[in-house]
Amino acid sequence: MSLAAFPALRLRRTRAAAWSRALVAETVLTPADLIWPLFVSDGQGVEEPIATLPGVSRWSVDRFVDRVREARDLGIPCVALFPNTPPALRSEDAREAVNPDNLMCRAIRAAKEAVPEVGVLTDVALDPYTSHGHDGIVDAAGYVLNDVTSAMLVEQARVQAAAGSDIVAPSDMMDGRVAAIRTALEADGHHNVQIMAYAAKYASAFYGPFRDAVGSRGLLKGDKRGYQMDYANAEEALREVALDLAEGADTVMVKPGLPYLDIVRRVKERFEVPVFAYQVSGEYAMIEAAVAAGMGERDPLVLETLTAFKRAGCSGVLTYHAAHAARLLGA
Ligand code: PBG
């Protein structure tokens, strides 16, 4: 391609007026690109603000349903659910994760009953249910056991799907769990329940506020580097994605978000499948901390970061700013 030279070519011409910038915009962010993560807690009529996630609360199931209505009214197509399991129900074996009447399942049923048109995505991992905060079952040495955990994840996904979950999203990083979950969902007749694999999930320092939100931060012994990915690696992320797709994942996720947009781009170019990214709790908290300190303005920071995800190749973004962004986008 041969380009004209200056002054015939002035790239500033198409930037000069707002109407022109709107015409040539390559990427457009809309509320339909957003997935809103919501934390659910026990009780009735409860809103519990989360100190390390300013502006985000845990909601009891009844109040959570109001947030799902809000999502519908704002044009947000999907919500992601995370339970803050009461401490008495956490155990070494995470048995509450497979209780068909656990907090997660009650929230799914309530959302699908009240607002069936909004998609419900549910996290499949054991960390909100274990007494040690790990995503799986640990042996005496503290190692997270792959196959034993995977069998639990299958049961967890089955009870979530039976409760009405539209998308099960394994976030645990065990090997082989996508195939095992897919097989079980098919056997149960849940042919249209999707799997969004947290395919490239990194062991990250950006998850701290989330662990506060689901009550696992104080419990966690050690770290998650034995199963989540090393942030030094990109080729390994492509292998993870290839495996999860081969096992039957419908869509894949990269997580965290903004520091990993190179991974999003490479996954999108290599596999040409819907890719999602999770702008995680620590990323949200950094923006809010900057705003509180007078170091930045919320609205432009939110729109710029979320548009960057789309530019990188994302079909959608999980973000705690979803409702705020949807309002900014004029829903
Ligand atoms: C749990 C899970 C985590 C997040 C989503 N699912 C935390 C972790 O892996 O420790 C993090 C989300 C966020 O930080 O916003 N399997």
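What you see as residue numbers is a count from 1 along each chain, following the sequence as written. Side-chain atom pairs in this predicted model are given and counted only at pLDDT of 80 or more, local residue features only at pLDDT of at least 70, and totals for whole chains, interfaces and linings cover all residues.

## Concerning the overall build of the chain
Put simply, the rule is: Only runs of H or I of at least four residues qualify as helices and only runs of E of at least two qualify as strands under DSSP, and these elements are numbered from the N terminus. What the globule rule says is 2.2 Å times the number of residues to the power 0.38, and the radius of gyration is computed from C-alpha atoms. Burial is judged by counting the other C-beta atoms within 10 Å of a residue's own C-beta: 20 or more makes it buried, 12 or fewer makes it exposed, and any count in between marks it as partly exposed, with every C-beta position built from the backbone. The contact criterion used here is simple: two residues whose C-beta atoms, placed from the backbone, lie within 7 Å are in contact.
On a plain count of helices and strands, the chain comes out with 11 helices and 10 strands. For 331 residues, the compact-globule estimate of 2.2 N^0.38 gives 20 Å, and the chain sits close to it at 20 Å. Along the first, second and third principal axes, the C-alpha atoms of the chain reach 70 × 45 × 40 Å. Here the chain holds 331 residues, and 46% of them are scored as buried. A separation threshold of at least 6 residues defines the contact pool for the chain, and within that pool the share at least 24 residues apart is 74%.

## A word on the confidence of the model for the chain
Operational definition: pLDDT gives the predictor's per-residue confidence on a scale running from 0 to 100.
Per-residue pLDDT for the chain averages 97, and the proportion of residues at 70 or more is 99%. At the level of chain-chain contacts, confidence expressed as ipTM amounts to 0.97, with global pTM at 0.97.

## Quick word on the UniProt feature "active site" (unreviewed entry) in the chain
Here is the rule we go by: UniProt positions are given in the numbering used here, feature names are shortened, and annotations may be inferred rather than shown by experiment.
Using the residue numbers shown here, the UniProt feature "active site" (unreviewed entry) corresponds to K201 and K255. Look at the named residues: they lie 55 residues apart in sequence, but the longest C-alpha span between them is just 4.9 Å, so in the fold they bunch up. Counting through the fold element by element, K201 comes out in strand 7 (residues 194–201). Sequence-distant contacts of K201, defined by excluding residues within four places in its chain, comprise S171, M173, Q228, M229 and K255. Judged by local crowding, K255 falls into the buried class, with 23 C-beta atoms found within 10 Å. Those residues in contact with K255, other than ones at most four positions away along the chain, are Y198, K201, Y202, A277, Y278 and V280.

## Topic: the UniProt feature "binding site: Mg(2+)" (unreviewed entry) in the chain
Per the UniProt annotation, the sites labelled "binding site: Mg(2+)" (unreviewed entry) are E240. Along the chain, the position of E240 falls in helix 7 (residues 235–247). What E240 contacts, discounting residues up to four positions off in sequence, is A199 and A200.

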